Amino acid sequence: MRRSARGDEAAFAELYDATSRRVYGLVLRIVRDPAMSEEVTQEVYLDVWRTSARFDSARGSALSWLMTIAHRAAVDRVRSSEASRRRDDAHAAANQPVEFDQTAEAASSSLEAQRVRKALLTLTEAQRSAVELAYLGGYTHTEVASLLGLPLGTAKTRIRDGLIRLRDTLGVPA
């Protein structure tokens, strides 16, 4: 371990050859996925190569230090995978298409129609006539002007003013 800490690649290769089966076995028991266990084992040895200077033989053996690093890395990977799976499940559950409920939709439409009818009553008679012809009758602005006997500009103004008042009454943002 001390030689590896000084950058001795041959010493690190010896360490790897002597311990890799044990480390992989420990990681596999925790992670339970061979491919992921190989990745974690590789990450463990990369971490050991980078941090081998921190190893203190007074606190324990090199093998126990190595196995502790492996255990922590494996547990971290399991926790990360579980958290990712929970996020994916939550996202999938939140984005499930909602089945169409005809009764609820009909009730909602009825309530909305009542709100619009009440709001129409807040308009002046001139505005209400113009808006009803344009939006409920399906007439163009020109046809509304002709039906009401008004200049086109006046009909457009009444429709626009009526829509603004409806918007304000219904609380719709501009």
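Just so we're clear, the structure is a prediction, and the values are computed from it rather than from any experiment. (Residues numbered from 1 in each chain as written. Predicted model: local features only at pLDDT ≥ 70, side-chain atom pairs only at ≥ 80, totals over all residues. Heavy atoms only, no water.)

### Quick word on helix 4 (residues 62–94)
Under the convention used in this document: Only DSSP runs of H or I reaching four residues or more are called helices, and only runs of E reaching two or more are called strands; each is numbered from the N terminus. Expected helix span is given by 1.5 Å per residue-to-residue step, counting one fewer step than there are residues. Each residue gets one of three labels from its accessible area relative to the maximum for its type: buried under 20%, exposed over 50%, partly exposed in between, using a 1.4 Å probe on protein chains only. The contact criterion used is simple: two residues touch if any of their non-hydrogen atoms lie within 4.5 Å.
Taking 1.5 Å per residue as the helical rise, helix 4 with its 33 residues ought to reach 48 Å, and the 48 Å between its terminal C-alpha atoms agrees with that figure. Among all positions of helix 4, only W65, L66, I69, A70, A74 and R77 are buried. Tucked into the core, helix 4 has its buried residues touching helix 2 (9–31) and helix 3 (34–51).

### Details of a nonpolar patch on the surface
Put simply, the test is: Here a patch means residues that are over 30% exposed by relative accessible area and free of salt bridges, tied together within 9 Å if like-charged and within 5 Å if nonpolar (Val, Leu, Ile, Met, Phe, Trp, Tyr). Every accessible area reported is derived by Shrake-Rupley at a probe size of 1.4 Å, with residue values counting cover from the shown protein chains alone. Salt bridges are defined by distance alone: a side-chain nitrogen of Lys or Arg within 4 Å of a carboxyl oxygen of Asp or Glu.
There is a patch of nonpolar side chains on the surface, built from Y135, L136 and L163 and spanning about 320 Å² of accessible area. Of note, L136 is situated in helix 6 (residues 125–136).

### A short note on the packing of aromatic side chains
The test is simple: Pairing of aromatic rings covers Phe, Tyr and Trp, the last through its six-membered ring, and needs centres within 6.5 Å; plane angles under 30 degrees mean stacked, over 60 mean edge-to-face, and all others mean tilted.
Counted under the stated rule, the structure contains 4 aromatic pairs. Consider the rings of Y16 and Y45, whose centres lie 4.8 Å apart with planes at 70°: the pair is edge-to-face. With Y16 in helix 2 and Y45 in helix 3, this residue pair connects regions lying 29 residues apart in the sequence. Accessibility expressed as a relative area gives 38% for Y16, which makes it partly exposed. Grouping aromatic residues by their ring pairs yields a cluster made of F12, Y16, Y45 and W49.

### Brief notes about the packing of helix 2 against helix 3
So the rule is basically this: Angular values range over 0 to 180 degrees, each being the angle between N-to-C directions of two axes fitted as lines to C-alpha atoms, with helices fitted over their stretch in contact. Angular relationships are summarised with four words: roughly parallel below 35 degrees, roughly antiparallel beyond 145, roughly perpendicular across 65 to 115, and oblique for the angles in between. Here a crossing is taken to be left-handed if its near helix is turned anticlockwise relative to the far helix by less than a right angle, and right-handed if that turn runs clockwise. We call Asp, Glu, Lys and Arg charged. Ala, Val, Leu, Ile, Met, Phe, Trp, Tyr, Cys and Pro are nonpolar, and the rest, Gly among them, are polar.
At their nearest, the axes of helix 2 and helix 3 sit 9 Å apart, and the two run at 140° to each other. When the interaxial angle is binned, helix 2 and helix 3 end up oblique. Both helix 2 and helix 3 take part in a crossing whose hand is right-handed. Contacts from E9, F12, L15, Y16, T19, S20, V23, Y24, V27, L28 and V31 in helix 2 reach P34, M36, S37, E38, V40, T41, V44, Y45, V48 and W49 in helix 3. Here the contact of helix 2 with helix 3 is composed, by residue class, of 15 nonpolar, 4 polar and 2 charged.

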